[in-house]
Amino acid sequence: MHSPAKVNLSLRVVGKRDDGYHELDTVFQEIDWSDYMEFEESGSFSLEVVGADLPTDNRNLVARAASELSRVSGRPLRGRIRLLKSLPIQGGVGGGSSNAATTLIGLNHLWGLDWTLEKLIPIAASLGADCPFFLFGGLARGRSRGDLISPMPGSLRGTLLVLVPDFGVETASVFADFDLRLTEVEKNVIFKPLVWTEEGADYPQVFPRNDLENIVFQRFPVLREYRDLLLQTGAPVSLLSGSGSTLFGIYNSESEALDAARLLSQRMDFRVKVCRPVARDR
């Protein structure tokens, strides 16, 4: 099973919750880049990770998702899971959350539970704020901690060029530095709302924005420089995804994104990948 990545087309921090988390209003967009996960029957439980040096015990969200589904469903914790990593770790594209959600979906099928996605949502939400989105994929709005998901039809129009640095950013530390009194967010070079593939669909008006960018760019000035490079190569929109460290630019055509990818791959050591938005049937 594919375990896909996401980008945040908009990420607004709108308040502080009583439980200590921040209140978010975000728009997720699934992209056609993913890890791959295999699920097989077994008399015991095991997790193998290929392509990344990650723990295979409950420090890994995959193992935690399996344990929690076993606990809630009353089914024995059994199955062999093989995770082939391609997505960056602490990159802001939701790799770990996607792996956890894909685990819930995969074991739901392997164990013959036949639970609806709605029944899996509370388990996903307990694992991480991004996890519920990956049960649905496609295009969706996330509110509350980002885990209250409203799926939408269609997808973003355009092609994305994704830049992946060789370092990650810890999400919790970025939110810890966020001061709600600092209401002035750096304005991106954007004046029009994003455009969708379905004309006339019932979308909120979404202006590209990431309220976490200032904090991350202050810590890692190179990310601001590469954000600006994406704009210089013709992307009308360039943003940090989530809390980073991944950046993306949205180009009007695939040919423009490919041209920019060739240019930027000669000028930087970051991974450069052209991706397409994914739409899901609702």
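Asker: Help me out: how do you make sense of the environment of Gln-266 in this one?
Answerer: With respect to the helices, strands and loops of the structure, Gln-266 is situated in the loop between helix H8 (254-265) and strand E11 (271-275). For Gln-266 and Asp-53, which are 213 residues apart along the polypeptide, the C-alpha to C-alpha distance reads 28 Å.

Asker: Explain the pairing of strand E7 (residues 159-164) here, please?
Answerer: Side-chain positions along a regular strand alternate between the two faces of the sheet. Of all six residues in E7, six are buried; the element is thus mostly enclosed. Residues of E7 alternate between two faces, with Thr-159, Leu-161 and Leu-163 on one and Leu-160, Val-162 and Val-164 on the opposite face, all of them buried. Pairing analysis gives five bridges linking E7 to strand E10 (residues 247-251), with the strands arranged antiparallel. Each residue of the ladder has a partner; that of Leu-163, found in E10, is Leu-247. Summarising the sheet, E7 and E11 pair through five bridges and their orientation is antiparallel. Opposite Val-162, over in E11, you have Lys-273 as the bridge partner.

Asker: Even after reading the chapter, I still don't get the pattern of salt bridges, so can you show me in this structure?
Answerer: Side chains carrying opposite charge are able to pair once their charged atoms draw close together. Tallied over the full model, the rule gives 17 salt bridges. Note that Arg-82 is salt-bridged to Glu-48, the shortest N-O span being 3.4 Å. One end of the pair, Arg-82, is in strand E4 (residues 79-84); the other, Glu-48, is in strand E3 (residues 45-50), with 34 residues separating them in the sequence. Between Arg-276 and Glu-254 there is a salt bridge, and its shortest N-O distance comes to 2.6 Å. Within this pair, whereas Arg-276 is found in the segment after E11, its partner Glu-254 is found in helix H8, the two being separated by 22 residues in sequence. Judged by its relative accessible area of 34%, Arg-276 falls in the partly exposed class. Taken together, the shared-partner salt bridges in this structure form one network comprising Arg-12, Asp-25 and Arg-141.

Asker: Explanation requested: the packing of helix H2 (residues 95-110) against helix H3 (residues 117-127) in the structure shown.
Answerer: When two helices pack together, their arrangement is captured by the angle between the axes and the distance separating the axes. One can describe the packing of H2 onto H3 by two numbers: an axis separation of 10 Å at closest approach and a directional angle of 140 degrees. Regarding H2 and H3, the two cross each other, and that crossing is right-handed. Between H2, through Ala-100, Leu-104, Ile-105 and Asn-108, and H3, the contact on the second element is made entirely by Leu-117, Leu-120, Ile-123, Ala-124 and Leu-127. Its residues assigned to classes, the contact of H2 with H3 comprises eight nonpolar, one polar and no charged.

Conventions used here
- Residues numbered from 1 in each chain as written.
- Predicted model: local features only at pLDDT ≥ 70, side-chain atom pairs only at ≥ 80, totals over all residues.
- Heavy atoms only, no water.
- Helix = DSSP H or I, 4+ residues; strand = E, 2+ residues; numbered from the N terminus.
- Buried < 20%, exposed > 50% of the residue type's maximum accessible area, 1.4 Å probe, protein only.
- Pairing = 2+ DSSP bridges.
- Salt bridge = Lys/Arg side-chain N within 4 Å of Asp/Glu carboxyl O.
- Axes fitted to C-alpha atoms, helices over the stretch in contact; angles between N-to-C directions.
- Left-handed = near helix turned anticlockwise from the far one by under 90°.
- Contact = heavy atoms within 4.5 Å.
- Nonpolar A, V, L, I, M, F, W, Y, C, P; charged D, E, K, R; others polar.

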